[in-house]
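Fold and contact review
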Amino acid sequence: MKTADHPAHVPRLCLEGFTTRNLGPLELQVDAGQCLALSGPSGSGKSLLLRAIADLDPHGGEAFLDGMPCSRLPAPEWRRQVALLAAESPWWLPQVGDHFCRADPAGLQELGFGADVLRWQVERLSSGERQRLALLRLLCNGPKVLLLDEPTANLDPDATAAVEELVQRYRTAHQAAVLWVSHDPEQVRRVAQRALRIHERRLEAA
Amino acid sequence: MNGGLIILTPLDLALASLLVVAVAALSLRMKLGVERQLLVAGVRTTLQLLLIGLVLKAVFERADLVWVGAIAVFMLLVAGREVVARQRYRLVGWWGFGIGSFAMLVSSFAVTLLALHVMVQVQPWYAPQYSIPLLGMLLGNTMNGIALGLDRLTETSWQQRTAIEARLMLGQDWNQAIADIRRQSARSGLIPIINAMAAAGVVSLPGMMTGQILAGAPPVEAVKYQILIMFLIAGGTGFGTLAAVYAASRRLFDERQRLRLDRIKKG
């Protein structure tokens, strides 16, 4: 009556024997609703690790989402569920709204935009606005895992706080797992429950 | 031969070649640095055309399917090599050559066969006086379209790689992520033939028609052939360019729909 009803604990995101060009093999588990901060010297392969988890780069080993192996899901479906936000996000169409699969007025408001921002020309956006809207367009897909690669590196303190709060709210509301690459120890303390750093091709407690 | 054809003597050609020599001398004087290339190209055109003249003379006398086929394959391989040579960013391995050649094989050969069987209806269908010039004109133009289309595709993909990957990150599939770039590339491959058709007869007198008229053909008959050729070229270039650009755009992504720019390298 005990074990049969309680299936083994399945982490939201799990890496097994995961290797990238300059890391690994890595074992990593992030639970639903948990934020894990990742730090390490520049060039240590943090960005490449996130790209590989999003299946944008070839990699060894396997990544699992709620126990489902990456290789069993079509790649676009995996990337909608395991969403990557890079430090800088390009906009390829003239109008902001063209990049959104659907509008999210509450999220827009929270980030300090009116609904008319969707009709704005991308050229009018500051780099801070671009990054906050890039996060929002990613959240429209309803991802279960967020991979954030120094998302606030180019933002002022107010905009940084807005992004942190949006991620926080999304994480608790959707029980999303968050892997947050940051250089700022203060930020790590604010946003993460666990912190790891890359040391000699491995992950260790920070 | 036809009564309208005036036979050129070697002296006529030698006199014309003095024009090239004169430009080369000017280049030397003005330090343009192209005199050597110009003279080498002049010698090459003389030798290559004399050689093909002899080959065609032999083939016309034999009118043998194997010979015609061998020449067609040779032309295709040279065109495939030329497509690769014109790329600034090339698909690595045999892919660049393979995709270009296959697209030309499918489009140029199919359109040439269509013309020989349905429109010109020459007997036998592979009669070299018709099949080889037709195929040559089609290959030359299709090659142009494919080379332009592929060049645009690989270079734009390289420049806009972050945008393509951003689209992948948002969950678009490879087809959506490259669709805009593929459209631009196909357009740029088709523009030369569109321009040629639009300007034909008004700005330029196409070479084939001019040649037939010089050889004594009635102008209206020559014009009809030229119109046929224009349509064939538009069809061959269109299908060939679309096929090549599509296949190459697929090759830029792997089985997990990752953008694999390691599959192109700067030539």
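Remember, predicted model here, so these are calculated numbers, not experimental data.

1. Some words on the overall build of chain B
- Along the backbone of chain B there are nine helices and two strands.
- Ordering the α and β elements of chain B from the N terminus gives α-α-α-β-α-α-α-α-α-α-β.
- C-alpha atoms of chain B, sized along the principal axes, occupy 70 × 55 × 40 Å.
- Residues counted as buried form 31% of the 267 residues belonging to chain B.
- Of the contacts made within chain B by residues no fewer than 6 positions apart, 74% connect residues no fewer than 24 positions apart.

2. Quick notes on unusual backbone geometry
- Each neighbour pair has its own omega, and for Gln123 of chain B with Pro124 of chain B the value is -15°, a cis peptide bond.
- Within the secondary structure layout, Pro124 of chain B lies in the loop between α4 (95-120) and α5 (128-159).
- The phi dihedral of Glu150 of chain A is positive, around 45°, even though this residue is not glycine.
- Here Glu150 of chain A is to be found in the loop between β7 (145-149) and α5 (157-174).
- Despite not being glycine, Ala63 of chain B has its phi angle at roughly 50°, a positive value.
- By the element assignment, Ala63 of chain B lies in the loop between α2 (35-62) and α3 (65-85).
- When the 14 C-beta atoms within 10 Å are taken as the criterion, Ala63 of chain B is described as partly exposed.

3. Brief notes about the domain arrangement of chain B
Residues and elements named next belong to chain B.
- What the domain assignment reports for chain B is domain 1 (1-62) and domain 2 (65-266).
- For domain 1 versus domain 2, the separation of C-alpha centres amounts to 27 Å.
- In this assembly, eight residues from domain 1 lie in contact with eight residues from domain 2.
- Residues belonging to the side of domain 1 that touches domain 2 are distributed by class as follows: four nonpolar, three polar and one charged.

4. Notes on the pairing of strand β9 (residues 194-199) of chain A
Residue and element names in this part refer to chain A.
- Strand direction decides the pairing type here: strand β3 (residues 35-39) and β9, joined by four bridges, are parallel. Bridge pairing in β9 places Leu38 opposite Leu196.
- Sheet topology places β9 next to strand β10 (residues 202-205); four bridges connect them, and they run antiparallel. Bridging from a neighbouring strand, Arg197 pairs with Glu204 of β10.
- In textbook terms, the turn of a hairpin is the stretch between consecutive antiparallel strands, and for β9 and β10 this stretch comprises two residues, one of which, Glu200, has a positive phi near 50°.

5. Here's the deal with the interface of chain B and chain A
- Residue-level contacts link 13 residues of chain B with 17 residues of chain A.
- The residue makeup of the side of chain B that touches chain A, split by class, is five nonpolar, four polar and four charged.

6. Notes on the packing of helix α6 (residues 161-169) of chain B against helix α7 (residues 174-199) of chain B
Residue and element names in this part refer to chain B.
- The contact between α6 and α7 brings their axes to 8 Å, and the two run at 150°. Of the possible angle classes, the one that applies to α6 and α7 is roughly antiparallel. As for how α6 packs across α7, the hand of that crossing is right-handed. Contact residues: Ile164, Arg167 and Leu168 in α6; Gln176, Ala177 and Ile178 in α7.
- Among the residues forming the contact of α6 with α7, the class breakdown is four nonpolar, one polar and one charged.

7. Here we look at helix α4 (residues 127-139) of chain A
- End to end, α4 of chain A covers 19 Å across 13 residues, agreeing with the expected 18 Å (1.5 Å per residue, within 8%).
- Buried within α4 of chain A are the following residues: Gln131, Arg132, Leu133, Ala134, Leu135, Leu136, Arg137 and Leu138 of chain A.

8. Thoughts on the pairing of strand β2 (residues 26-30) of chain A
All names here are of chain A.
- Pairing of strand β1 (residues 13-19) with β2, which is carried by four bridges, proceeds in the antiparallel orientation. Looking at the pairing, Phe18 lines up with Leu26 of β2.
- Linking β1 to β2, which pair antiparallel, is a turn of six residues; within it Gly24 sits at a positive phi near 105°.

9. With respect to the environment of Ala247 of chain B
Residues and elements named next belong to chain B.
- Following the sequence through the fold, Ala247 ends up in helix α9 (residues 219-251).
- Taking the number of C-beta atoms within 10 Å as the measure of exposure, Ala247 has 17 and is therefore partly exposed.
- Along the sequence, Ala247 and Trp95 sit 152 residues apart, while their C-alpha atoms lie 9.6 Å from each other.
- Not counting residues up to four positions away in its chain, the partners in contact with Ala247 are Ile99 and Ala103.

10. Points about the confidence of the model for chain A
- Mean pLDDT over chain A stands at 89; residues scoring 70 or higher make up 96%.
- Low pLDDT, under 50, characterises residues 1-5 of chain A; the stretch is placed with zero contacts to residues that sit more than four places away or in other chains.

11. Considerations on the environment of Asn141 of chain A
- Note that Asn141 of chain A resides in the loop between α4 and β7.
- Each C-alpha atom of the pair Asn141 of chain A and Cys101 of chain A lies 7.4 Å from the other, and the pair is 40 residues apart in sequence.

12. What about the packing of α3 of chain B against α4 of chain B?
Residues and elements named next belong to chain B.
- Contact pair α3 / α4: the axes reach a minimum separation of 8 Å and the direction vectors enclose 130°. As summarised for this structure, α3 and α4 are arranged oblique, according to the angle between their axes. Two packed elements cross with a definite hand, and for α3 against α4 that hand is right-handed. Between α3, through Leu76, Ala79, Gly80, Arg81, Val83 and Val84, and α4, the contact on the second element is made entirely by Gly96, Phe97, Gly100, Ser101, Met104 and Leu105.
- For the contact of α3 with α4, the residue count by class is seven nonpolar, four polar and one charged.

Definitions and limits used
Residues numbered from 1 in each chain as written. Chains lettered and ligands numbered in written order. Predicted model: local features only at pLDDT ≥ 70, side-chain atom pairs only at ≥ 80, totals over all residues. Helix = DSSP H or I, 4+ residues; strand = E, 2+ residues; numbered from the N terminus. Buried ≥ 20, exposed ≤ 12 C-beta atoms within 10 Å, placed from the backbone. Contact = placed C-beta atoms within 7 Å. Domains from an automatic or database assignment. Nonpolar A, V, L, I, M, F, W, Y, C, P; charged D, E, K, R; others polar. Pairing = 2+ DSSP bridges. Axes fitted to C-alpha atoms, helices over the stretch in contact; angles between N-to-C directions. Parallel < 35°, antiparallel > 145°, perpendicular 65-115°, else oblique. Left-handed = near helix turned anticlockwise from the far one by under 90°. Expected span 1.5 Å × (residues − 1). pLDDT = per-residue confidence, 0-100.

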